[in-house]
Amino acid sequence: MTTTSASKSASTVDSSSAADHNLYTALLAAFPTDREAVAVETDGGLRYSWRDLDEASAMVANLLAFLDLPPGARVAAQVDKSVEALVLYLAALRAGLVYLPLNTAYQSGEMEYFLGDAKPALLVCTGRNFGWLSKMAFLAGTQHVFSLNDDRTGTLLERAARFPRSHTPVPRAADDLAAIIYTSGTTGRSKGAMLSHGNLLSNARVLQTYWDWQEGDVLIHALPIFHVHGLFVAIHGALINGSTMLWCAKFDPQTALRLMARATVFMGVPTLYVRLLAEAGLTREATRSIRLFVSGSAPMLVDTHRQWQARTGQTILERYGMSETVMLTSNPCKTADGDRLVGTVGQPLPGVELRVRDEAGQTLPAGQTGGIEVRGPNVFLGYWQMPEKTAQEFTDDGFFKTGDVGFVDANGYVTIVGRSKDLIISGGYNVYPAEIEGYLNNLPGVEESAVVGVPDADFGEVGVAVVVPKAGQALHGPDLVAALKGRLANFKVPKRCVVVDALPRNAMGKVQKNLLRAEYSAPAAA
Ligand code: MCA
Ligand code: AMP
């Protein structure tokens, strides 16, 4: 991947001449020959066969084809987790369109930005949001808006019901765009990471082998399906192996524990493991049939790893990835590949080149800490309509600068020690302080603000806002929190706002966030 690919548009490839790298074609090839077998079983008691997944996604893909959307058109979805939402994703893939999943927590200001930036040709949203979202989408130039609810109702399914149950996937080249995943930016403006069919398929295949997916594996799917972990790592992992998913609409520790007797693989962010550890029922016996526990999206505390080992006798496999790169490194699954080293994120996955460089661009030897850079077939095409930003984030020799800081040991294991980007990871969701500060600074009476991440037993890290009022104005922290709710996705809202006279600054005038972090991390500050 080079910086030149930044300018590549989703519609540049002539599909008639493209060899078929459509991800759906590869997933379909892995479906079991017994198409009546269960592909997905929901916590609501529904069962979907492999035939159901194929036929339902064919019907929706035929509807998408009928709409005659231009090549490279974006299909945006802000819908609750359901198997039909998965079907919509598969349909977008097979129709050769670009899927754009959006977190259901996003509020109107955030949605307005995404719709205006990505300019989707089609939006699918919940019936409860249809009124205001359809208006907003049409104003942004979107041609079609359908509804989809998590009880199998909505206009998307009503319309699709009239279309045939078979559909030939549109051939795609490896570099053709499959999805755009928005990831917040350090400047406060979200960037759309453009992922190709080739990025997603290569990563899915590498993980299938590296994590030793086997016939008979069953995955508990308890993550949201609008980010990389739940949508790509988990779903592709199961589908490309023809494995059944036990599908939870929302993570609930007791449901997950109950399902463990029937499953072999579980994936979660650290918060899910912390919440499972709070269950008395988490025992060796309860987890006996699980062969692989995977954690990622946020650092897992060594203490959580150790408690998990003590309670279950199993070592969680920690891996590391990004929206821009899908999965980058992983601790070994098979003993032949090495030991799982707690506190590390493992070794670069096959095909991924990873190096650590200092600020002068010197590659550092084992053990020395610097910026982590990566290159490989999994690395994205660039940021949507941000060629300059894309160029800045790639080195001249095509490595992507992750913004994570760490080191590699003599055996190739990577340890992440921090981030050069000002980012809070809360319960596996990314929160960029600059974005929250922008909202706070626009509230009446606010002179300036600084948002920092402090440790939290449940979410790993949570945001605290430190706010300076304008001269002569009185501000009340809880009112500021309340004012942010409804304007921002709930996970971005700082858990606390503290009003102070001034922010600490260094000689250059830069806010000393490290001092704020130290001050508000103290137990007495809780
Ligand atoms: C909910 N809240 C949060 C979060 N989630 N606050 C901070 N951080 C969060 N992650 C808010 C709620 O709105 C509520 O606020 C209050 O905190 C308590 O909510 P609770 O009921 O406890 O939350 P929940 O609904 O149970 O959700 C917690 C969760 C969820 C299950 C941990 O956040 C989650 O599913 N996280 C997974 C995220 C994920 O999939 N990340 C992968 C990104 P109030 O009371 O004010 O309403 S992909 C990625 O990172 C890369 C590429 C990778 O490597 O995978
Ligand atoms: P996202 O913006 O959702 O793509 O988040 C990607 C970021 O999550 C990475 O750049 C890392 O900072 C972080 N991350 C993902 N997995 C891990 C992990 N296992 N340990 C520490 N940080 C992680």
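Conventions used here
Residues numbered from 1 in each chain as written. Chains lettered and ligands numbered in written order. Predicted model: local features only at pLDDT ≥ 70, side-chain atom pairs only at ≥ 80, totals over all residues. Heavy atoms only, no water. Near = heavy atom within 4 Å. Polar contact = N/O pair within 3.5 Å; in protein donor to acceptor, adjacent residues only side chain to side chain. Areas by Shrake-Rupley, 256 points an atom, 1.4 Å probe, with all protein chains shown as cover. Helix = DSSP H or I, 4+ residues; strand = E, 2+ residues; numbered from the N terminus. Nonpolar A, V, L, I, M, F, W, Y, C, P; charged D, E, K, R; others polar. Buried < 20%, exposed > 50% of the residue type's maximum accessible area, 1.4 Å probe, protein only. Contact = heavy atoms within 4.5 Å. Pairing = 2+ DSSP bridges. Axes fitted to C-alpha atoms, helices over the stretch in contact; angles between N-to-C directions. Core = buried A, V, L, I, M, F, W, Y, C linked by side-chain atoms within 4.5 Å. Parallel < 35°, antiparallel > 145°, perpendicular 65-115°, else oblique. Left-handed = near helix turned anticlockwise from the far one by under 90°.

## Concerning the site of ligand 2
What surrounds ligand 2 is a group of 17 residues, the closest being R319, S323, D404, K421 and N430. Between ligand 2 and the protein, one listed contact pairs an oxygen atom with a side-chain N or O atom of D404 at 2.6 Å. Taking N430, its side chain carries an N or O atom lying 2.3 Å from an oxygen atom of ligand 2. Starting from 500 Å² of accessible surface for ligand 2 in isolation, the protein chains cover 90%. When contributions to the shell around ligand 2 are tallied by element, the ones reaching two or more residues are β13 (317-322) and β20 (414-419). Each residue belonging to the shell around ligand 2 can be placed in one class, and the counts come to seven nonpolar, five polar and five charged.

## What to know about the environment of T155
With respect to the helices, strands and loops of the structure, T155 is situated in helix α6 (residues 155-160). According to the relative accessible area criterion, T155 is partly exposed, its value standing at 31%. Between the alpha carbons of T155 and A471 there is a distance of 53 Å; along the sequence they are 316 residues apart. For T155, the residues in contact, after removing those within four places along its chain, are F146 and S147. Looking at T155, its side chain comes within polar contact range of the main-chain nitrogen of S147, at 2.8 Å.

## Re the sheet that holds strand β2 (residues 47-49)
Spatial strand order, β2-β1-β10-β9-β11-β12-β13-β14-β15: nine strands in an open sheet with mixed pairing. Where the open sheet ends on each side, the last strands, each with one partner, are β2 and β15 (347-348). Relative to strand β14 (residues 326-330), β13 runs antiparallel, the two sharing four bridges. Note on β14: the bridge partner recorded for R319 is S330. The sheet strands contacting helix α7 (residues 197-210) are β14 and β15, and the helix crosses β14 at an angle near 30 degrees.

## Section: the sheet that holds strand β17 (residues 370-375)
Here we have four strands laid out as an open sheet, ordered β16-β17-β19-β20, and antiparallel in their pairing. Looking at the sheet topology across the chains shown, the edges are occupied by β16 (353-357) and β20. Sheet twist, expressed as the average angle between the axes of neighbouring strands with direction ignored, equals 50 degrees.

## A short note on the nonpolar core
Grouped together as the largest cluster of nonpolar side chains are 118 residues, with contacts concentrated most on L53, Y89, W211, F232, F266 and M267. In this view, F232 contacts Y89, A179, I181, L195, L200, H227, G237 and V326; residues no more than four positions away in its chain are not counted. In terms of nonpolar packing, the next biggest core, distinct from the first, is built from 40 residues, L100, L102, L115 and V467 among them.

## Some words on the packing of helix α2 (residues 50-66) against helix α3 (residues 83-94)
Orientation of α2 relative to α3, taken along the N-to-C sense of each, is 60 degrees, at an axis distance of 8 Å. Here α2 lies oblique to α3, going by the angle between them. Where α2 crosses over α3, the two elements pack in a sense that is right-handed. Contact residues: α2 offers L53, D54, A56, S57, A58, V60, A61 and L64, while α3 offers V83, L86, V87, L88, L90, A91, A92 and R94. Grouping the amino acids of the contact of α2 with α3 by side-chain chemistry returns 13 nonpolar, one polar and two charged.

## Some words on the packing of helix α4 (residues 108-118) against helix α5 (residues 130-139)
Relative orientation of the contacting elements α4 and α5 amounts to 30 degrees, with a least axis distance of 10 Å. Our pair here, α4 against α5, has a crossing hand that is right-handed. Side by side, α4 and α5 meet where S108, M111, E112 and L115 of the first sit next to W132, L133, M136 and A137 of the second. Partitioned by chemical class, the residues of the contact of α4 with α5 number six nonpolar, one polar and one charged.

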